[in-house]
Amino acid sequence: AIYNVLNSDMMINLANLQIDDKNFVRDNFTIVSIGRIDPVKRFSEIPLIAAKLKQSSCHFKWYIIGGRGVPAERELLMRNVALCEVGDCVIYLGEKDNPYCYIRNSELLVNTSLSEACPYVINEAKILHNPVVCTDFGSAEEFIENGVNGYISPIESIHEPIISLIKNQELYDKMVSNISGFVYDNKHIINQIVGLFN
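Counting from 1, residues in each chain are numbered in the order their sequence is written. With the structure being a predicted model, the display of local features is reserved for residues of pLDDT at least 70 and the display and counting of side-chain atom pairs for 80 or more, all residues being used for whole-chain, interface and lining totals. Each side-chain value is worked out from all heavy atoms of the structure, with water and hydrogens disregarded.

S.K.: Just to check I follow, could you spell out the packing of helix α2 (residues 46-55) against helix α7 (residues 159-167) for this structure?
M.R.: Each pair of packed helices can be described by the angle between their axes along with the distance between the axes. As a rule, the C-alpha atoms of each element are fitted with a line to give its axis, helices using only the stretch in contact, and angles between N-to-C directions run from 0 to 180 degrees. Strands here are runs of E lasting at least two residues and helices are runs of H or I lasting at least four, both read from the DSSP assignment and numbered beginning at the N terminus. It is the contact of α2 with α7, at a shortest axis distance of 10 Å, that shows an interaxial angle of 45°. For the element pair α2 / α7, the angle class is oblique. Here α2 and α7 pass one another in a crossing that is right-handed. Contacts from Ile-49, Lys-52 and Leu-53 of α2 reach α7 at His-159, Ile-162, Ile-163 and Ile-166. Oblique is the label for any angle not under 35 degrees, not over 145, and not in the 65 to 115 range, which are roughly parallel, roughly antiparallel and roughly perpendicular in turn. Crossing handedness is read from the near helix: turned anticlockwise from the far helix by less than a right angle, it gives a left-handed crossing, and turned clockwise, a right-handed one. By the convention used here, residues are in contact when the closest approach between their heavy atoms is within 4.5 Å.

Here's what the structure looks like:
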């Protein structure tokens, strides 16, 4: 596989900008999920996962960032927020021109997708040295080393590694340490492309 070239320097620079959003408050463990509101992203499952975190006495805020996408999916997301009584900790922020500063100012990125090819958002989180918890879509193992720089889990049990990272500071710090040296290798990708044409 030849992966996408990513502008790491641009992401890092944007990530360091100040967040001007009164709805984004870092008063607890901060989780972010990013993507278009679409059934394949399964953001409507987040309130159910968040309810399990609350039942385990976790203190957190989970922010969802993305375009409005499919109206029915957005309505389901908001309905589930109400049904699961997680409006205090699951906040839909809408679309943002600069999602990188939200990743930088969060402890964890969670990807709930049903499927992904080359998930930009996971690579972006790794570039910004944020641990990732993602569902077990087909390409997940290409991007996450399970138990090292994040966790891969079926969506039915994805709350378990999230709870572990919230409650176990030593485990969380180890994940951050493991991902802190990650550098996205554009040079290797470019050499692959050049080699293909040669």
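S.K.: I tried to follow the side chain of Glu-107 on my own but got confused; where do I start?
M.R.: Locating Glu-107 in the fold gives a position in the loop between α4 (100-104) and β4 (108-111). Within 3.5 Å is the distance limit for a polar contact, defined as a pair of N or O atoms, with the added protein rule that one can donate a hydrogen and the other accept it, and that residues adjacent in sequence qualify only through two side-chain atoms. Here the side chain of Glu-107 touches Thr-30 through a polar contact of 2.7 Å, landing on its backbone nitrogen. The residues contacting Glu-107, other than those within four sequence positions of it, are Arg-26, Asn-28, Phe-29, Thr-30, Asn-130, Pro-131 and Tyr-172.

S.K.: For this particular structure, what's the right way to read helix α8 (residues 169-179)?
M.R.: Structural remark: α-helix, 3.6 residues per turn; residues separated by three or four positions point the same way. Taken residue by residue, α8 has Tyr-172, Met-175 and Ile-179 as its buried positions. The buried side chains of α8 occupy one side of the element, clustering within an arc of 60° when seen end-on. Opposite the buried face of α8, by more than 90 degrees, sit the exposed residues Glu-170 and Lys-174. In this fold, the buried residues of α8 make contact with β1 (29-34), α5 (120-127), β6 (150-153) and α7. Throughout this description, buried means an accessible area under 20% of the type-specific maximum (1.4 Å probe, protein chains only), exposed means over 50%, and partly exposed covers the range between. Here the arc refers to the directions that run from the helix axis out to each C-beta atom.

S.K.: Help me understand the side chain of Asn-80, please; the structure alone is not making it clear to me.
M.R.: With respect to the helices, strands and loops of the structure, Asn-80 is situated in helix α3 (residues 71-83). Every residue in contact with Asn-80, bar those within four places of it in the chain, is listed here: Ser-44, Pro-47 and Leu-48.

S.K.: Would you explain the sheet that holds β4 in this entry?
M.R.: Think of a sheet as strands paired side by side through backbone hydrogen bonds, with each pair either parallel or antiparallel. Within the open sheet, the 6 strands sit side by side as β3-β2-β1-β4-β5-β6. Their pairing is parallel. The sheet is open, and its two edges are formed by β3 (90-94) and β6, each paired on a single side. Strand-to-strand twist across the sheet, computed as the mean angle between neighbouring axes with direction ignored, equals 20°. Here 4 bridges tie strand β5 (residues 132-135) to β6, and the two strands are oriented parallel to one another. By this definition, two strands are paired if DSSP reports at least two bridges between them.

S.K.: Please explain the pairing of β1 as it appears in this structure.
M.R.: Look at any regular strand and the pattern is simple: side chains alternate between the two faces of the sheet. Burial within β1 is extensive, with 6 of its 6 residues counted as buried. Along β1, one buried face is formed by Phe-29, Ile-31 and Ser-33 and the opposite face, lined by Thr-30, Val-32 and Ile-34, is buried too. Pairing analysis gives 6 bridges linking β1 to strand β2 (residues 60-65), with the strands arranged parallel. Paired with Ile-34 across the bridge in β2 is Ile-65. Looking down the strands as they point away from you, a crossover is right-handed if its path from the first strand over the helix to the second goes clockwise. The handedness of the β1 to β2 crossover, carried by α2, is right-handed. Bridge count for β1 against β4 is 2 bridges, and the pairing is parallel. Within the sheet, the bridge partner assigned to Ile-31 lies in β4 and is Leu-108.

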